Amino acid sequence: MNKVTDIVTKYLIGHLARQIEDNGLVVWYDPTGVYTEVADALELPNTTVLHYADSFLQLRWEIDQRQLMGGEQPPRLVVYVPLAQEETHQALAELEA
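Owing to the predicted nature of the structure, the values given are computational and were not obtained by experimental measurement. (Residues numbered from 1 in each chain as written. Predicted model: local features only at pLDDT ≥ 70, side-chain atom pairs only at ≥ 80, totals over all residues. Heavy atoms only, no water.)

Peer 1: Could you clarify how one ought to interpret the nonpolar core in this entry?
Peer 2: Ranked by internal contacts, the top residues of the largest apolar core, which has 16 residues, are Ile63, Val79, Val81 and Leu92. Contributions of two or more residues to this core are made by strand S1 (25–29), helix H3 (56–65) and strand S3 (77–81). Each residue touching Val81, except ones within four places of it in the same chain, is listed here: Val27, Trp28, Tyr29, Asp30, Tyr52, Phe56, Thr88 and Leu92. By size, the runner-up hydrophobic cluster in this structure holds 11 residues, among which are Leu16, Val26, Trp28 and Leu42. (Core = buried A, V, L, I, M, F, W, Y, C linked by side-chain atoms within 4.5 Å. Buried < 20%, exposed > 50% of the residue type's maximum accessible area, 1.4 Å probe, protein only. Helix = DSSP H or I, 4+ residues; strand = E, 2+ residues; numbered from the N terminus. Contact = heavy atoms within 4.5 Å.)

What follows is the structure in structure tokens.
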């Protein structure tokens, strides 16, 4: 990893951490998939990180199985989607709301 990439990655992780602190739930769209490696290695304290992998039904099932939604407070959850938001046909609308 070169110095510029390292700086951008650190900034991105810091930004995600702030979004989790402020909102609890982040749906992260990456239309080009350029940050897949960052998402794969992402670890934030007390935060679940899930990845879309070819099936929104599978992703939603995993969220349900972990009982991440439905509480009074939003979960500490990052959902990484290596697609453009418009490509999802609002499959994650409940998470975005």
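From this point on, the discussion continues.
Peer 1: I would appreciate a short explanation of the sheet that holds S1 in the present structure.
Peer 2: Within a sheet, each strand pairs with its neighbour through backbone hydrogen bonds, oriented either parallel or antiparallel. A sheet is described by the order of its strands in space; here three strands give the open sequence S1-S3-S2, paired in parallel fashion. The outermost strands of the open sheet, each flanked by one partner alone, are S1 and strand S2 (48–51). Across the sheet, the mean angle from the axis of one strand to that of its neighbour is 15°, orientation sign disregarded. By the bridge criterion, four bridges tie S2 to S3 in an arrangement that is parallel. By the bridge assignment for S3, Val49 is matched with Val78. (Pairing = 2+ DSSP bridges. Axes fitted to C-alpha atoms, helices over the stretch in contact; angles between N-to-C directions.)

Peer 1: Quick question: what am I supposed to make of the packing of aromatic side chains here?
Peer 2: Remark: the centre distance and the inter-plane angle together describe each pair of aromatic rings, the angle taken between the planes. Within the structure shown, the criterion is met by three aromatic pairs. An angle of 75° between the planes, with centres 4.8 Å apart, marks the rings of Trp28 and Tyr80 as edge-to-face. One end of the pair, Trp28, is in strand S1; the other, Tyr80, is in strand S3, and 52 residues separate them in sequence. Comparing Trp28 with Tyr80, the two get one shared label, buried. Ring geometry for Tyr52 versus Phe56: centroids 4.2 Å apart, planes at 25°, classification stacked. Here Tyr52 matches Phe56 in class, with each residue buried. Three or more aromatic residues joined by ring pairs form one cluster here, namely Trp28, Tyr35 and Tyr80. (Phe/Tyr/Trp six-rings, centres within 6.5 Å; stacked < 30°, edge-to-face > 60°.)

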